[in-house]
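# Fold and contact review
Here is what each chain is made of, one letter per residue.
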2 protein chains.
Amino acid sequence: MRHFDQELEQLKVMLLEMASLVESAITNSVNSVVQKDKLLAESVLEKEATVNQMEVDIDDFAIKLLALQQPMAVDLRLIAAGLKINTDLERMGDLAVNIAERAIELYQEPVIKPMVDIPHIAALVQSMVQKALDSFVNKDVELAKSVLASDDAVDDLRTASFHELISYMERTKHNIPQAVSLLSIVRNLERIADHATNIAEDVIFYVKGIDVRHHAEVRE
Amino acid sequence: MRHFDQELEQLKVMLLEMASLVESAITNSVNSVVQKDKLLAESVLEKEATVNQMEVDIDDFAIKLLALQQPMAVDLRLIAAGLKINTDLERMGDLAVNIAERAIELYQEPVIKPMVDIPHIAALVQSMVQKALDSFVNKDVELAKSVLASDDAVDDLRTASFHELISYMERTKHNIPQAVSLLSIVRNLERIADHATNIAEDVIFYVKGIDVRHHAEVRE
C-alpha cells in the first residue's frame, strides 16, 4: 500500500468517526424529545465541542493531503468530497443540538397529541443518514441514489406536519408555544435530510466523477 | 503574471459573479415580502437554476485547478476557501428562494403589524453578507471579524421576533398561518447570516491561515 493510500484511508476513518458521533447525536436528540429526557438532551449539547474539533482536524488533514501530495482523479475526488462531507456532518451535529435545545424547552410540557409525526419523520431521516454514510463506505452509487429519492417523502411529511401543527395552534392558544417548538424540530429534521442528500450527491461524484447536484434527470 | 495567477483571478471573478446574483436574490426576496410584490418573488425563483449551474461550474473549475496545478500555501487556501464559499453562496440562494416562496403565500394577506422586525433583521443580515464578500475581495481580516461580531445581534433580533410572533398567534387564531410564514422568513434570514459568518471565517483562514471556526476567543 502506498503511504498516500494509507493517508486516504486515515481520512476516511476520521470521517467515519465523526459520522458515528453525529449519528448518535441525532438519535439522542430525537429520543430526548420523544421520551422527554432532559439528561439525554444535555448529553447532546456536551458533545458539540468534540464534533466541532473533529471538523477542524479533518479539514486540516484533507488540506495537508492536497498540499503535500498531488492527488489525481479518484483520489482528488475523495479529498474534495471529504471536505464537503465534513462540513455537512458538522452542520448535522448543529441541527441535533437545536433539536436537543427544543427538547429541554419541552420536557416539562404536557404532550399535545403524541408528538405529531416526529417519530415517523425522524425514522425516515435517520435511515437517509445511515444510507448516505454506508454508500460512502461501500462506494455504493445505487444506495446513494436511494437517498436522493427519499428527499421528496421527507418534504411531504414536513408539509403534513406543518398543517397539523397549525391546526393545533388554531384550536387553543395554549398549544401555540409548544407547537412552535415542534415546528422547529420538524424543520431541523428536514434540514438533516437535506445534508444527507448532499452527502449522497458527493458520494456519486466521488465514485463516478459525475456531478448530480441540480440535475433531476440523473437522479431518477 | 503567471498563468496560474490568472486562473486564480478567474476563480475569484466567478465567485464574485455568483455572489452578486445571490445578493440580489436576497434583496429581491426580502423586498417581495415587505412590498407584497409577487412578480418580484417569482423573479427570484426564476434565477435559481442559474445559481445552481454556477455552483457546479465553480466547483469544477476549482477542482481542476487543484488537479492540474500543485498549489501551495496561500494559493491552496484560496482554492479550499473558494470551494467552501461557493457552497455557502448556493445555500444562501436556496434560502432566498424559500423567502420568495413565503412572499408568494403572503402577498394577498392583510398585514399583521408592519412585518414585525423583518425589515430590520433583513438590513442587518444584508450588511453582513456585503461585508463578508467585501472582506474576501479585499483580504480584509478586520472586516471579516466584524461579520462574526454581528452574529449575536441577529440571534437577539430573531429571539425577539419569535416572541412577538407567538404573541400575535395567541391574540387571534386568524393570525396563525401568517405568523408561521413570518417565523419561517425570520429563520431563513438567520440562516443567511450563518452562511455570511461561514464566509467570513473562510476569509480569515484564507488570508491568515488561521482556522477561527469554533474558537470564540479568537473571534473577539
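Per chain, residue numbering runs from 1 following the sequence as it is written. All chains are assigned letters beginning at A, and all ligands numbers beginning at 1, according to the order in which they are written. Local features in a predicted model are, by the rule used here, given only for residues with pLDDT of at least 70; side-chain atom pairs are given and counted only at 80 or more, and totals for whole chains, interfaces and linings are based on all residues.

### Things to note about the relation of the copies chain B and chain A
Our superposition of the copies is a least-squares fit, built on the C-alpha atoms of residues whose pLDDT is at least 70 in both. The two copies are related by a screw operation: chain B maps onto chain A through 180 degrees of rotation and 0.0 Å of translation along the axis, at an RMSD of 0.0 Å. The relationship between the two copies is best expressed as a two-fold rotation axis. Among all C-alpha atoms of chain B, that of Q70 of chain B lies closest to the rotation axis, at 3.2 Å. By the criterion used throughout, residues are in contact when their C-beta atoms, derived from the backbone, lie within 7 Å. A high fraction, 100%, of the interface residues of chain B reappear at the interface in chain A, so the copies pair face to face through one surface.

### Some words on unusual backbone geometry
Residues and elements named next belong to chain A. Phi at K36 takes a positive value of approximately 50 degrees, unusual for a residue other than glycine. The topology assignment puts K36 in the loop between α1 (3–34) and α2 (38–68). For K36, a count of 16 C-beta atoms within 10 Å translates into the label partly exposed. Only DSSP runs of H or I covering at least 4 residues are called helices, and only runs of E covering at least 2 are called strands; the numbering of each starts at the N terminus. Counting other C-beta atoms within 10 Å of its own, a residue is labelled buried from 20 upward, exposed at 12 or fewer, and partly exposed in the gap between, with every C-beta atom placed from the backbone.

### Let's talk about the interface of chain B and chain A
On the chain A side, the residues contacting the 23 residues of chain B number 23 residues. Counting residues per element, the ones that place at least two in the side of chain B that touches chain A are α2 (38–68), α3 (73–106), α5 (141–171) and α6 (176–208) of chain B. Residues are sorted three ways: Asp, Glu, Lys and Arg are charged, Ala, Val, Leu, Ile, Met, Phe, Trp, Tyr, Cys and Pro are nonpolar, and all the rest, Gly among them, are polar. Split into classes, the residues belonging to the side of chain B that touches chain A amount to 14 nonpolar, four polar and five charged.

### Some remarks on the confidence of the model for chain A
Any region with low pLDDT has predicted coordinates that should not be read closely. pLDDT: the predictor's confidence for each residue, scored from 0 to 100. Within chain A, residue pLDDT values average 88, and 92% of them lie at 70 or more. Scored by ipTM, the complex comes to 0.71, with pTM at 0.82.

### Some points on the packing of helix α3 (residues 73–106) of chain A against helix α6 (residues 176–208) of chain A
Angle between the axes and distance between the axes: these two values describe a pair of packed helices. All names here are of chain A. Fitting a line to C-alpha atoms yields each axis, with helices limited to the stretch in contact; the angle taken between N-to-C directions then spans 0 to 180 degrees. Where α3 meets α6, the closest approach of the two axes is 9 Å, and the angle between their N-to-C directions is 170 degrees. When the axes of α3 and α6 are compared, the pair comes out roughly antiparallel. Two packed elements cross with a definite hand, and for α3 against α6 that hand is left-handed. Along the lines of polarity and charge, the residues of the contact of α3 with α6 split into 13 nonpolar, seven polar and eight charged. The cut-offs work like this: below 35 degrees is roughly parallel, past 145 is roughly antiparallel, 65 to 115 is roughly perpendicular, and the gaps in between are oblique. Two helices crossing with the near one rotated counterclockwise from the far one by less than a right angle form a left-handed crossing, whereas a clockwise rotation gives a right-handed crossing.

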